[in-house]
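This is what each chain is made of:
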Amino acid sequence: MRCAIQIARAAIRAVGVLLLLATGAPAQDVARTDPLVSVEWLQAHLRAPGLVVLDIRSAIDGGSAETYAQGHIPGAIHSDYDKAGWRATRNGLPYMLPGIAQLEKLIGELGIDETNDVVVVPAGVSATDFGSAARTYWTLKVAGVRKVSILDGGSAAWTAAKLPLESGVNTLSPTIFEANLDRSLIAEAADVEHIIATGAGTLVDARPPPFFQGKVKADAAQAYGHIPGALNIDSTAFYDETINRLRPKAELAAVAARIPPRGPVVSYCNTGHWSATDWFVLAELLGRKDVKVYYGSMVDWVSVPSRPVASSRTKWDDIKKFFGKGS
Amino acid sequence: MMTIAATTTLAPATARRDWLFLTGAVLATALLVALVLIDGQPASAALLVLGFGLGAAFLKAEFSFTASWRRFLVHGEAGGLLVILLLIALTAVAVVPVAASWPHYGGSIAPLGPSLVIGAFVFGVGMQLANGCGSGTLYTVGGGSGRMLITLACFIVGSVLGSMSLPPFLRMGGLDPVLASDYFGPWGGLAVTLASIAAVALVIVVIARRRGAPLSTRGSFIAGALVIAALMIGVFFAGGHPWSVTFGYTVWGGKLAMLAGADLSQFEFWQWPGPKHALSDSLLGDTASLTNLGMIFGAMAAAAFSAPFAHRPWPPLRSLAAAAIGGMLMGWGARLGFGCNIGAFVGGVASGSLHGWIWFLAALGGCTIGIKCRPWFGLSRD
Amino acid sequence: MRLVYVIVFLVGVAAILSDHLTSPSIGRAISPQDFAGACAPCGAPCPSKK
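In this text the structure is predicted, and so the values were computed from the model without any measurement. (Residues numbered from 1 in each chain as written. Chains lettered and ligands numbered in written order. Predicted model: local features only at pLDDT ≥ 70, side-chain atom pairs only at ≥ 80, totals over all residues. Heavy atoms only, no water.)

A. Quick peek at the overall build of chain B. Counting secondary structure elements, chain B contains 15 helices and zero strands. Based on the C-alpha atoms only, the size of chain B along its principal axes is roughly 60 × 55 × 40 Å. Residue burial in chain B is summarised as follows: out of 382 residues, 58% are buried. In chain B, the share of contacts with a sequence separation of at least 24, taken over all contacts with a separation of at least 6, comes to 83%. Of the roughly 13,900 Å² of accessible surface on chain B, 70% is carried by carbon and sulfur atoms. Taking the average location of the 19 positive side-chain charges in chain B and that of its 11 negative ones, the two points are 15 Å from each other. (Helix = DSSP H or I, 4+ residues; strand = E, 2+ residues; numbered from the N terminus. Buried < 20%, exposed > 50% of the residue type's maximum accessible area, 1.4 Å probe, protein only. Contact = heavy atoms within 4.5 Å. Areas by Shrake-Rupley, 256 points an atom, 1.4 Å probe, with all protein chains shown as cover. Lys, Arg positive; Asp, Glu negative; His and termini not counted. Charge placed at Lys NZ, Arg CZ, Asp CG, Glu CD.)

Listed below in structure tokens is the structure:
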């Protein structure tokens, strides 16, 4: 049954392309959009066919489906980044990349398929909130949705520009989405072990320095510190919290300059949230080839006690934590 | 011959209690126990407490391997040595079967070769000059002997030198460890081990008879052996391997060397996983260090409980020289020989490893030389 | 001698504490000492492995 639909779709597309070529019509500008789009651009293209505006507000940015319903970009649909299933618990580890079937269900039920141009809209209130958009963007790309963008500044920027908001709830009719997993974006523990063993690649730790140093850790992680050999490139360094936008390209490149110019990069954090921002900047904005997200990150890495961990944490830190004066 | 425990019986015991050192020893132990418990390591806490018990037991029983061996070699008096064999046999009953059957438990093993023989021999020489072996140094230091403090310091230095010598000595060759349970299974291995102890005991008795020497020994020595055996079995279960002393000295020496600016990464010994981690981790994470520290504090508490502490003056310089040389030889020899009386002899034989007996014979040989040298330093020949 | 011991005791305890408190922690139980394949408690390799 699926096969039949796939063949039918491909046939329709082929006919469409032939017609376009035959009429000499210019390619739609929805065919290729920038990874980061501005509020002005979105306003201009709001009614473009195939464009889906995906509002992902969730508890992470202090929002929810209710805040969406109260006011959103006209035509936008909503998916709660935290609760809708963009991340799943697998093997007892939280916030992992969901399985293929789950992704197909999540994306398909939103009415998105691989032909759509999805604009992911974060709340636009913090660097971590931007990470939600980056992780959603990455997940869509991994699943095979080719055309994805993030709205620079999110809903907050749209509101600040005094552009009209809509209230209520929009939904698209669910579609059958067939995932085409893009493994070139995914790193697993084995890839990290390879880099450690051979030095052929750079590990980038996207967390704030106290996590990297081992002074604090994620609750779900069983050990403090970072993966040996990793560079600490805090994802918040790419973001300007005073204007809630990513920094200009030149500044992004300066922050990323510590990474050797050539060679594979694996970006990680605690559970692949902050690291999605680092990946987005390196791969999508700075055009670096061969950048992957180790979505399991530290929580997955330290779940196996024999894997090495580097840290500057001392027993004195443990004592401080024991007496409630540290973490 | 030096004895450490005060033997005055004229004054009432309580009037001579040294509260400063008694409370110091107990508090220090309690502090270390608290630290390892905060660290989530109850087994480490057990090792500290068991070590404390061992220190007190060794001190109260004056459980000297060195003196027992010397009495046997010089006079043929075998009582002490036979009690030591009893101690080993009791420990073997727990160690051989458990080490062979339970995961995460192992015995003391070592390759058989020049390193073992030379190391044990040199250790034997040093032991008689120093007047104590690995455990002897611990309980006499805890008991307040300044002389043994020097031995301990030199033992630590010698251990680091030994760590540098061990890999080249191992390259001289040797055989893989020979473990009774590998050939005879857990219970067969135990039977063979106990039989070997009985055979050696028989030989010792024959030698003693030939030399016309008495076989008896102090009741306190036998009582001490029973308590020590129980504590040693406890250490085995808490630590996962038989009690070991000299690795602790090696780690302390390594850490001090690092503090003094030495770069140990160029020495092969310190690249092996065990020593490498021991060097960078807390010394409260090393089983031998835990029992060593516990033992020093336990002996200190036991000594201070019944007599003024550290009231003996420094002995003559010659004696101190013997203490220093003896300590160095023991430190170096123990690293090459894979331990001292506790780690290699008691630990090895009680694990059913052949290296224990080889160590014993080589160390006895070294002792004969050491005993001959004692008079040069003003030490008695018996 | 008592004085010597007081000094040694205090220096010793201080050394133990400072070694312990400055030692690394990764916040989880240390795995059993990695002696796998070793031929002696100190981690010496087996002659047969050479």
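More follows now that the structure is in view.
B. Structural context of the domain arrangement of chain A. Residues and elements named next belong to chain A. Here chain A is described as being made up of domain 1 (26-181) and domain 2 (184-322). The C-alpha centroid of domain 2 is placed 24 Å from the C-alpha centroid of domain 1. Taken together, the contact pairs 29 residues of domain 1 with 25 residues of domain 2. Summed over both partners, the interface of domain 1 with domain 2 comes to about 2,300 Å²; 70% of that surface belongs to carbon and sulfur atoms. The largest share of the area that domain 1 buries against domain 2 comes from Ala-127, Phe-130 and Trp-138, three residues that together contribute 25% of it. As a salt-bridge pair, Glu-284 and Lys-141 come within 3.3 Å of each other at their nearest N and O atoms. (Domains from an automatic or database assignment. Buried area = accessible area lost by both parts, 1.4 Å probe. Salt bridge = Lys/Arg side-chain N within 4 Å of Asp/Glu carboxyl O.)

C. Seen up close, the nonpolar core. Counting residues in hydrophobic clusters, the biggest one holds 118 residues, and the most contacted among them are Phe58(B), Phe63(B), Phe65(B), Trp69(B) and Phe345(B). If we ignore the near neighbours within four places in the chain, the residues touching Phe65(B) are Phe58(B), Ile84(B), Leu87(B), Met127(B), Cys133(B), Ser135(B), Asn341(B), Ile342(B) and Val346(B). Within the second largest apolar cluster, 70 residues are counted, among which are Val148(A), Ala187(A), Ala223(A) and Tyr268(A). (Core = buried A, V, L, I, M, F, W, Y, C linked by side-chain atoms within 4.5 Å.)

D. Examining the pairing of strand β14 (residues 291-294) of chain A more closely. All names here are of chain A. By the alternation rule, side chains of β14 split into Val-291 and Val-293 and Lys-292 and Tyr-294, which are all buried. When strand β8 (residues 186-187) meets β14, the two strands line up parallel, connected through two bridges. Residue pairing across strands places Ala-187 opposite Tyr-294, the latter belonging to β14. Bridge analysis of strand β13 (residues 265-268) against β14 gives three bridges, and the strand direction is parallel. For Val-265, the partnering residue across the bridge sits in β14 and is Val-291. For the crossover that starts at β13, traverses helix α10 (residues 274-285) and ends in the parallel β14, the hand is right-handed. (Pairing = 2+ DSSP bridges. Right-handed = clockwise from strand over helix to strand, strands pointing away.)

E. View of the interface of chain A and chain C. Taken together, the contact pairs 15 residues of chain A with nine residues of chain C. Interface area, chain A with chain C, both sides summed: about 1,000 Å², of which 52% is carbon and sulfur. Inspection of the chain A/chain C interface yields zero salt bridges. Seen at the junction of chain A and chain C, the total is five residue pairs in polar contact (both at pLDDT 80 or more). For the side of chain A that touches chain C, the per-class residue count stands at eight nonpolar, three polar and four charged. (Polar contact = N/O pair within 3.5 Å; in protein donor to acceptor, adjacent residues only side chain to side chain. Nonpolar A, V, L, I, M, F, W, Y, C, P; charged D, E, K, R; others polar.)

F. Layout of helix α5 (residues 114-130) of chain B. The terminal C-alpha atoms of α5(B) lie 24 Å apart, and with 17 residues this matches the ideal 24 Å at 1.5 Å per residue to within 8%. Immediately beyond the C-terminal end of α5(B), within one or two residues, lies Asn131(B), with a positive phi of roughly 75°. (Expected span 1.5 Å × (residues − 1).)

G. Geometry of the sheet that holds β13(A). The strand order β8-β14-β13-β9-β10 (chain A) describes an open sheet built from five strands, whose pairing is parallel. Edge positions in the sheet fall to β8 and β10 (231-232) of chain A, since each has one partner strand and no second.

H. Molecular detail of the confidence of the model for chain B. Residue and element names in this part refer to chain B. When pLDDT is averaged along chain B, the result is 94, and 96% of the positions lie at 70 or above. The least confident element of chain B is helix α11 (residues 273-280), whose mean pLDDT is 90; the most confident is α5, at 98. Among the scores for the predicted complex, ipTM is 0.89 and pTM is 0.80. (pLDDT = per-residue confidence, 0-100.)

I. Summary view of a nonpolar patch on the surface. Residues and elements named next belong to chain B. Together, Leu-86, Leu-90, Ile-222 and Leu-226 make up an exposed nonpolar region whose accessible area comes to about 300 Å². At the level of elements, α4 (79-101) and α9 (219-239) are the ones that each hand at least two residues to the nonpolar patch. Structurally, the position occupied by Leu-86 is in helix α4. With a relative accessible area of 36%, Leu-86 lands in the partly exposed category. (Patch = residues over 30% accessible without salt bridge, like charges linked within 9 Å, V, L, I, M, F, W, Y side chains within 5 Å.)

J. Molecular detail of the side chain of Arg57(A). All names here are of chain A. Mapped onto the elements of the fold, Arg-57 is located in the loop between β2 (51-55) and α3 (65-70). Within the structure, Arg-57 has its side chain in polar contact with the side chain of Asp-55 (distance 2.8 Å). Among the polar contacts listed, one links the side chain of Arg-57 to the backbone oxygen of Gly-71, at a separation of 2.9 Å. Excluding residues within four positions of it along the chain, Arg-57 makes contact with Gly-63, Ser-64, Thr-67, Tyr-68, Gly-71, His-72, His-78, Ser-79, Asp-80, Tyr-81, Ala-123 and Ser-155.

K. Representation of the pairing of β13(A) in the model. Residues and elements named next belong to chain A. Side-chain alternation along β13 places Val-265 and Ser-267 on one buried face and Val-266 and Tyr-268 on a second face that is also buried. Direction of pairing for strand β9 (residues 202-205) relative to β13: parallel, over a ladder of four bridges. Among the inter-strand pairings, Thr-202 is bridged to a residue of β13, identified as Val-265.

L. Examining the packing of aromatic side chains more closely. Within the structure shown, the criterion is met by 33 aromatic pairs over all chains. Look at Trp138(A) and Tyr295(A): their rings are 6.3 Å apart centre to centre, the planes differ by 45°, and that puts the pair in the tilted class. Pair noted here: Trp138(A) is in helix α5 (residues 127-143) and Tyr295(A) is in the loop between β14 and α11 (297-301), with a separation of 157 residues, a long-range link. Take Trp138(A) and Tyr295(A): they sit in the same class, and that class is buried. Among the aromatic side chains, those forming a connected cluster through ring pairs are Trp69(B), Phe123(B), Phe155(B), Tyr249(B), Trp252(B), Phe345(B), Trp357(B), Trp359(B) and Phe360(B). The residue whose ring lies beneath Lys217(A) is Tyr224(A), and the NZ or CZ to ring-centre distance is 5.5 Å. Just above the ring of Tyr224(A) sits the side chain of Arg313(A); from NZ or CZ to the centre is 3.5 Å. (Phe/Tyr/Trp six-rings, centres within 6.5 Å; stacked < 30°, edge-to-face > 60°. Lys NZ or Arg CZ within 6 Å of the ring centre and 35° of its normal.)

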